[in-house]
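Chain by chain, the residues:
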Amino acid sequence: MNLNPQVLRKLDLGSLAQFYFKKFNDGRYLLTNDSGRYCFLNQSQFDKFLSGKVPPGTALFNDLKTGGFLKHYLDFNLLSERWRARHEYLWQATSLHIVVVTLRCNHHCVYCQTSSEPMDARNRDMTPETARRTVDRIFESPSPAITIELQGGEPLANWPAVRTLVRYAREKNRTAKKKLHLALVTNLSLMDEGKLSFLLKNEVSLCTSLDGPAAIHNHNRVFLGGSSHAIVVRWWKEIRRRTVRQAFRIDGLMTTTRFSLAYPEKIVDEYLRRGAYGMYLRLLNPFGFAQKTWAAIGYSPEEYLVFYRRAMDYILQVNRTRRQFFEQTARVFLQKILTDEDPGFMDIRSPCGAGIGQMAYNYDGKVYTCDEGRMLAETGDDSFRLGSVGKTTYAGLAQALPVRTLAMASQLDNQAHCSGCVYKPYCGICPLCEYAQHGDLFARPSSAQCRIHMGILDYLFEKMRDAKNKAVFAGWLRKAGRDR
Amino acid sequence: MKCSSKLSSAGKAGRSVRLKLDCRLYPAEALQAACYAFHGRAQCTMRMRGRFAYIEIASSDQGREPQLTAQEFEQEALHQTIRQRVAQANQKLREYITIQALCACQQVKESGSPALDPGLEKQMEKLFKDIDEKGGGGDPLGITIPWEQKHKRAPIGK
C-alpha cells in the first residue's frame, strides 16, 4: 500500500517537527531526525502521524514525543546539546596526520591506490629534514590529540625517515604533552627484530593489510619475494604476543576486490583465526592503480552489498554463538545511531575531515587535504594541495582554499539529494571519491558511495528490528550511549 | 486538486511514460527533486505548462513495466513534497537549534514551551543579527592558531 496524495491536504505542519523518512520493502516507514533518533511506523501510524492524529497517551505518541518528532514537545536546550555532541569535531582542529615517507614498495597489489613505485625508484623517499619539518607543522595544530599515521608505499623501505619521525614526535611531545598516537601502516615484509623493538618501545601501533586466507590475500597482494600472507601471519603472531594488554597493537586492513566477493565467510574466519577483535570490510576506492585495473578487479555497489550482507550475517552468527567480533563501517554508523558521540571517522561525517580533521604529507613535503587528495596528485591532479611543510604554516594550510571548498562540498545540507535523506543524521560523503569518478565534488543518488552507504544502513536498520541483533550491535560500542 | 497521469509510447522501445502532474499539489521544486532521485535509474525530462508539469521518464531497466515506473515516480513526488513542506515549516527552528549549539549562547529558559513563541522569535532574531554583524567567518575558536603561539611556548626541539 502506498501513501495517498490526499495526505498532503491533511498534513499537520504545526505538529510535525523536522524529520526524514523512507519506506522499507515491508511497508514500514523509518523516521529519523537531526538528533539521530529513529522509529519505525506502519502505514496507518504514518498516516496518523502526518495528520497530527496520534492519540496522546498512547505508546506511539510517547515514542514520537521522546524521540523529538512532535514540535510542541521539543526541548531546545537538549536538542542544542545533542547537536553539539554529535558535531563535536567542529570544535577541534586537525588531529589525523598521514605521512607518506616513501612511494617505493616491494609489493605489486592489484588494487594499489597509492601509486607506489618500484624499490629502485629514485627521489621518492622523504628526507630526515623534511620529516622533522613535517613533525613541526603537525605539532602546530592546536588539537590536544594528535595521530601521526606513517604510510607508503611501504614505509619500512625508508626506515631513516620512520625513525626520525617517531623519535622527533616523541621528543616534541615531552613538552607539548598532547595525546599522541603513532601508527605505522606496513606490509611487514621488511620488518626485523631491531625495527620492531624500536617501534614497540616507542608505542607505535601497527596496521597491516590482511585480505583473507592465503589464496585470497596472495591473489590480491602480489609479492615476488615469497608468500605475502605467510609473512603477515608470522609477524602478526609475534606482535600480538608482545603487545598483550597494551594500548598499541596490530590491526588488519582488508580490501575487497572482485576476487574476494565469493568468500565473505572465509575472510571473516581468517580474522577470527588471527584473534582480531573485529575487521573492516573496506571497499575498493577508485584511486591510483585501482582506476586502471577497475575492469578486472572492480564491482558494482550492488555486488559489494551482496558480499557485505553475507559477511555481516556471518559476523552476527559468530557474535551470537562464539564471541564478540565487530565490523568497522557498521560500528561507525551504529555509534552515530545508538549514541550521541561522534566516532571520529573522517569519511563519514558532515562536513568530511578533509583539511579540518586530517591532512596528508607527501614524501616531498607537499601537504594535501587528505590521502585521497594526495593520491589524485600522484596521478597528475594537484587541485587539493594546501602548501608544503617548508613554506606554509599550519594556519596557512588550514585556511587554504581546498579546505574550505571540501568542507562546503561535503556538508550534507548542501547536497540536493542528501539534505532530505533518511540517513542524513548518520552519513557523510567523500567529495574526492565523487571527483575521481565524475569530475565534480557533489554526491548524486547514483554514485557508488551513496548506494553503498544506503545499502549498509538499510541492512543495519533491518537487523535492529530484532532486539537480539540490536544487543549485539550495542555491545560493539565501547561507550554505549543512552538507551533509546 | 487532482493528480493525473497517463502512459505514452514516446520512448524508442515504447517503454517510457509521460505524467501530467498538478503543481498546486506537487510544487515544481519537489518534482525536480523526484526527478533527481531517479538519477542513474531513469532519464527524466520535465516541462512546465501553466499549472501542470509534464514529466517523461525513460527507465534504464528495459524490462520494467512503465506503469510501475509511473507509480514509483508519483510516490517519490509525494514523498519529496512532504519533505519540502516539513523542512520549510521547521527551517527557523532548525536554524535556532544549530545556532544555539554553535554559539553556546544563553539557552532558552522555558523548556517545553510552545515552539516559536514571541520570546523565542526575539532571541532568534538577535542570534541572526549577531551572526550577520560578525560575518560568521574568521576564526573565533582559534582553530588555525599554531599551538606554540596559542600557549606562548618557545619552539620545541629545533
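Residues numbered from 1 in each chain as written. Chains lettered and ligands numbered in written order. Predicted model: local features only at pLDDT ≥ 70, side-chain atom pairs only at ≥ 80, totals over all residues. Heavy atoms only, no water.

1. Some points on the state of the cysteines
Residue and element names in this part refer to chain A. On inspection of all chains with the given rule, the structure shows zero disulfides over all chains. With no disulfide of its own, C109 lies closest to C105 among cysteine sulfurs, the gap being 6.1 Å. Sulfur of C418: no disulfide; nearest cysteine sulfur belongs to C450 and is 5.9 Å away. Look at C418 and you get buried, because its relative accessible area is 12%. (Disulfide = S-S within 2.5 Å. Buried < 20%, exposed > 50% of the residue type's maximum accessible area, 1.4 Å probe, protein only.)

2. Section: the packing of aromatic side chains
Each aromatic ring pair is characterised by the separation of its centres together with the angle its planes make. Residue and element names in this part refer to chain A. Under the definition given, this model contains 24 aromatic pairs over all chains. Ring geometry for F61 and Y73: centres 5.7 Å apart, planes at 85 degrees, overall edge-to-face. Of this pair, F61 sits in helix 3 (residues 59–66) while Y73 is found in the loop between helix 3 and helix 4 (76–86), placing the two residues twelve residues apart along the sequence. Taking the relative accessible area as the measure of exposure, F61 reaches 10% and is therefore buried. Note on Y73: relative accessible area 40%, which makes it partly exposed. Members of the aromatic cluster, connected to one another through ring pairs, are F24, Y38, F40, Y423, Y426 and F461. (Phe/Tyr/Trp six-rings, centres within 6.5 Å; stacked < 30°, edge-to-face > 60°. Helix = DSSP H or I, 4+ residues; strand = E, 2+ residues; numbered from the N terminus.)

3. A look at empty space enclosed by the protein
A water-sized probe rolled over the atoms picks out the places where empty space is left. Residues and elements named next belong to chain A. Considering all chains together, one arrives at two cavities of 30 Å³ or more under this definition. Estimated volume of the largest cavity: approximately 100 Å³. Tallied by class, residues from the lining of the largest cavity come to seven nonpolar, two polar and one charged. If you trace the second largest cavity, you find 13 residues lining it, with D347, C352, A354, C370 and C430 closest to the centre. Along the lines of polarity and charge, the residues of the lining of the second largest cavity split into nine nonpolar, two polar and two charged. (1 Å grid on protein atoms, 1.4 Å probe; cavity = no way out; pocket = protein on both sides within 12 Å on 5 of 7 lines; lining within 4 Å. Points joined across faces, edges and corners; volume = space filled by probe spheres on them. Nonpolar A, V, L, I, M, F, W, Y, C, P; charged D, E, K, R; others polar.)

4. Considering the confidence of the model for chain B
All names here are of chain B. The predicted model of chain B averages 76 in pLDDT, with 59% of residues at 70 or higher. This model gives residues 105–116 a pLDDT under 50, and the stretch forms 23 contacts once residues within four places in sequence are excluded. Two numbers describe this predicted complex: its pTM, 0.88, and its ipTM, 0.88. (pLDDT = per-residue confidence, 0-100. Contact = heavy atoms within 4.5 Å.)

5. A short note on the confidence of the model for chain A
Of the residues in chain A, 99% reach a pLDDT of 70 or more, and the chain-wide mean stands at 93. Predicted confidence for residues 479–484 of chain A stays below pLDDT 50, and this span has 19 contacts to residues more than four positions away or in other chains.

6. Concerning the pattern of salt bridges
All names here are of chain A. One pass over the full model with this rule turns up 38 salt bridges over all chains. For R273, the salt bridge identified is with E270, shortest N-O distance 2.7 Å. Of the two residues, R273 and E270 both sit in helix 10 (residues 264–273), three residues apart, roughly one turn of that helix. Assessed through its relative accessible area of 52%, R273 is described here as exposed. (Salt bridge = Lys/Arg side-chain N within 4 Å of Asp/Glu carboxyl O.)

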